[in-house]
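# Observations on the model geometry
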Amino acid sequence: MIRYAAGTFFFLALSILTVANGRDLIKLPSEARRFFAGSEEGNGEAGDDSVGTRWAVLLAGSSGYWNYRHQADVCHAYQILKRGGLKDENIVVFMYDDIANNEENPRPGVIINSPHGEDVYKGVPKDYVGDDVTVDNFFAVLLGNKTAVNGGSGKVVDSGPNDHIFVYYSDHGGPGVLGMPTSPYLYANDLIDVLKTKHASGTYKSLVFYLEACESGSIFEGLLPEGLNIYATTASNAEESSWGTYCPGDNPSPPPEYETCLGDLYSVAWMEDSDIHNLRTETLRQQYQLVKQRTANQNSYYGSHVMQFGDLKLSVDNLFMYMGTNPANDNFTYAVSNSLRPSSKTVNQRDADLVHFWDKFRKAPQGSTRKYEAQKDLAEAMAHRTHIDNSIKLIGKLLFGFQKGPQVLKTVRPSGKPLVDDWNCLKSLVRTFETHCGSLSQYGMKHMRSIANICNAGVSIEQMAEVSAQACTSFPSSSWSSLHRGFSA
């Protein structure tokens with residue numbers, strides 16, 4: 001446990017656990033496994049370029065330098081696909097694009113995704129940046145609907161029935177919701193509806209979705225049916241956080257001039273695997289197993305449980321079918337024994353902003369404007385968290401009683417069941433809460449399960465408005481609580 005005191009404002013404790021190296025496993029390389037296992041692993045083995053086109057949609061759903069890692073993840077993913085042979089015309093990139101040339105960035109115009117990594121920003125298409133990174137544009141791009149796009153390059157996934165689509169999303173999340181740098185956020189039911197519509201249009205052969213976010217399993221659990229030819233993996237299950245890595249104080253840590261996490265554990269795991277292997281000989285299933293092992297951090301608290309959903313039969317496809325492959329890796333066949341190991345420490349995704357503000361405060365000269373600003377940023381972030389946490393708790397008690405309230409809010413539905421019965425109710429109660437209590441913001445998404453449980457209990461909008469007004473006679477004036485970007489739903 002490492003404890004730091006930030007001036008006289010508050011006492012912040014960040015706990016980082018050192019994790020021992022995992023046990024090496026003996027496993028046959030994929031070429032040999034196919035020989036012994038027959039045709040099961042052979043789907044897509046030839047990786048025939050004449051059959052269909054590879055498409056990719058890459059989305060970083062955050063903004064702010066403290067969220068550096070999300071855009072770094074997406075830029076790294078682009079480089080993998082580009083080296084794999086995908087054309088820019090078939091890769092659509094969403095990112096706010098406020099990191100590379102941010103005044104906080106110690107290497108202007110450069111983004112890295114690991115301590116000794118190369119610049120992953122160079123050459124990345126800026127299809128949808130700034131306020132063009134929206135839910136509506138993301139859905140329009142997936143559906144290939146050029147007329148529905150508002151702003152940006154206008155590039156969409158104009159795919160056909162023999163094409164393969166790869167979607168990668170990295171950001172904050174919460175039960176049933178994914179963040180966006182604009183409002184509203186992306187809700188699970190809406191995403192599933194779009195995927196169903198895409199399937200009904202007959203404009204792809206198979207689709208793979210990699211999702212990095214807290215509680216990301218809740219986006220697909222009980223919602224994504226089989227039969228859509230979609231295979232999805234998530235950084236965490238429906239109840240837990242995902243984790244940042246290569247953070248200040250980590251081992252390995254970022255270069256000392258960096259005061260932020262460089263990547264996310266699940267994302268770094270699949271990308272660093274893809275960086276070094278021949279993807280013609282590695283299957284989705286093999287990568288899932290490797291990423292699952294690395295992200296779990298030996299099943300410690302400082303790790304998460306990678307999940308898979310949808311048509312699991314697609315997991316025998318080779319990664320080449322979706323990502324192409326770097327010719328430089330032709331002689332590097334997948335094997336668990338040569339996989340990269342996780343860093344020894346990780347940071348909860350929701351606490352990465354605090355790590356940034358604290359590291360900035362710690363390194364700034366005494367009495368400097370920079371030190372004062374970092375202290376102020378940290379105080380405001382903590383005040384917002386305290387306000388949101390206390391408001392949700394009090395609303396639960398006002399609705400269900402002081403003893404039953406906490407129990408209702410924390411209820412987790414059985415595995416395989418969606419978060420909420422009525423998604424419109426969830427969105428309405430989110431807007432009602434925010435009207436009286438301010439924006440949930442990236443941190444407050446953790447309470448989405450509590451609001452869903454209020455819906456599942458049959459609470460009306462009028463009741464929610466009444467108790468929200470009682471719980472929140474005011475809310476902090478900081479940017480975290482501000483509704484200047486609109487409601488989260």
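Residue indices begin from 1 for each chain and proceed along its sequence in written order. Given that the model is predicted, a residue must reach a pLDDT of at least 70 before its local features are reported, and side-chain atom pairs must reach 80 or more before they are shown or counted; all residues, however, enter totals for whole chains, interfaces and linings. Only hydrogens and water are removed before side-chain values are computed, so all heavy atoms of the structure are retained for them.

Take the layout of surface pockets next. The method works on a 1 Å grid over the protein atoms by themselves. A cavity is a set of points holding a 1.4 Å probe that cannot get out, a pocket is an open set with protein on both sides within 12 Å along at least five of seven lines, and residues with an atom within 4 Å of a point line them. Grid points are joined across faces, edges and corners, and a volume is the space filled by probe spheres set on the points. In this structure, the second largest pocket spans a volume of roughly 690 Å³. Ser 63, Trp 66, Gln 442, Ser 479 and Trp 480 are, among the 35 residues lining the second largest pocket, the residues nearest its centre. Here a helix means four or more residues in a row that DSSP labels H or I, a strand means two or more in a row labelled E, and each is numbered from the N terminus. Contributing elements (two or more residues each) for the lining of the second largest pocket: α8 (352–363), α9 (369–400) and α12 (441–444). Put simply, Ala, Val, Leu, Ile, Met, Phe, Trp, Tyr, Cys and Pro go in the nonpolar bin, Asp, Glu, Lys and Arg in the charged bin, and everything else, Gly too, in the polar bin. Grouping the constituent residues of the lining of the second largest pocket by class yields eight nonpolar, 19 polar and eight charged.

Below, the discussion takes up the sheet that holds strand β11 (residues 243–245). When DSSP locates at least two bridges between a pair of strands, those strands are taken to pair. One open sheet holds the three strands; their spatial order is β12-β11-β14, and the pairing between them is antiparallel. Strands at the two margins of the open sheet, each flanked by one partner only, are β12 (263–264) and β14 (347–348).

Let us now look at the state of the cysteines. One way to say it: the disulfide is the covalent bond shared by the sulfur atoms of two cysteines. A pair of cysteine sulfur atoms is labelled a disulfide when the two atoms are within 2.5 Å. For the structure on display, the rule yields three disulfides. Between the sulfur of Cys 247 and that of Cys 261 lies a disulfide, 2.1 Å long from S to S. Residues Cys 247 and Cys 261 share a disulfide whose torsion about the S-S bond is about 110°; that sign makes it right-handed. With Cys 247 in the loop between β11 and β12 and Cys 261 in the loop between β11 and β12, this residue pair connects regions lying 14 residues apart in the sequence. With relative accessibility at 1%, the residue Cys 247 sits in the buried group. Only protein chains enter the accessibility calculation, which uses a 1.4 Å probe. A residue is then buried if its area is under 20% of the maximum for its type, exposed if over 50%, and partly exposed in between. Classification of Cys 261 by relative accessible area gives buried; the value is 1%. Sulfur-sulfur distance for the disulfide between Cys 437 and Cys 472 comes to 2.0 Å.

Attention shifts here to the pattern of salt bridges. Any Lys or Arg side-chain nitrogen found within 4 Å of a carboxyl oxygen on Asp or Glu counts as a salt bridge. By the definition in use, this model includes 20 salt bridges. Between Arg 370 and Glu 259 there is a salt bridge, with the nearest N and O atoms lying 2.8 Å from each other. Remark: Glu 259 occurs in the loop between β11 and β12 and Arg 370 occurs in helix α9; sequence separation between them is 111 residues. Classification of Glu 259 as buried rests on a relative accessible area of 10%. With its nearest N and O atoms 3.1 Å apart, the salt bridge here joins Glu 272 to Arg 294. One end of the pair, Glu 272, is in helix α5 (residues 265–276); the other, Arg 294, is in helix α6 (residues 284–296), with 22 residues separating them in the sequence. The pair Glu 272 / Arg 294 is uniform in exposure class, with both members buried. Among the ionic contacts, a cluster of salt bridges with common partners joins Glu 104, Glu 259, Lys 360 and Arg 370.

One number per residue, pLDDT, summarises how confident the predictor is, and it ranges from 0 to 100. Of the residues in the chain, 86% reach a pLDDT of 70 or more, and the chain-wide mean stands at 89. Contacts of residues 1–50 to residues separated by more than four positions or lying in other chains number 100 contacts, the stretch itself having pLDDT below 50. Should any heavy atoms of two residues lie within 4.5 Å, those residues are considered in contact.

Turning next to the pairing of strand β9 (residues 206–212). For a regular strand, side-chain orientation follows a simple rule: the groups alternate between the two sheet faces. Across the seven residues of β9, seven count as buried, placing the element largely inside the fold. Neither face of β9 is exposed, since Ser 206, Val 208, Tyr 210 and Glu 212 on one face and Leu 207, Phe 209 and Leu 211 on the opposite face are all buried. Summarising the sheet, strand β5 (residues 164–170) and β9 pair through seven bridges and their orientation is parallel. Looking across to β9, one finds that Tyr 168 is bridged to Tyr 210. Pairing geometry for β9 and strand β10 (residues 230–234), over five bridges, is parallel. Considered in β10, the bridge of Leu 207 is made with Ile 230.

As a further point, take the packing of helix α2 (residues 68–83) against α5. The relative placement of two packed helices comes down to the angle between their axes together with the axis-to-axis distance. Between N-to-C directions, angles span 0 to 180 degrees; the directions come from axes that are lines fitted to C-alpha atoms, helices contributing only their stretch in contact. Here α2 crosses α5 at 25°, and the two axes come no closer than 10 Å. Considered as vectors, α2 and α5 are oriented roughly parallel to each other. In this structure, α2 meets α5 at a crossing whose hand is left-handed. Facing α2, whose interface residues are Asp 73, His 76, Ala 77, Ile 80 and Arg 83, α5 presents Ser 267, Trp 270, Met 271, Ser 274 and Asp 275. When describing relative orientation, an angle under 35 degrees is termed roughly parallel and one over 145 degrees roughly antiparallel, while 65 to 115 degrees is termed roughly perpendicular and anything else oblique. The hand of a helix crossing depends on one turn: near helix anticlockwise from the far one by less than a right angle means left-handed, and clockwise means right-handed.

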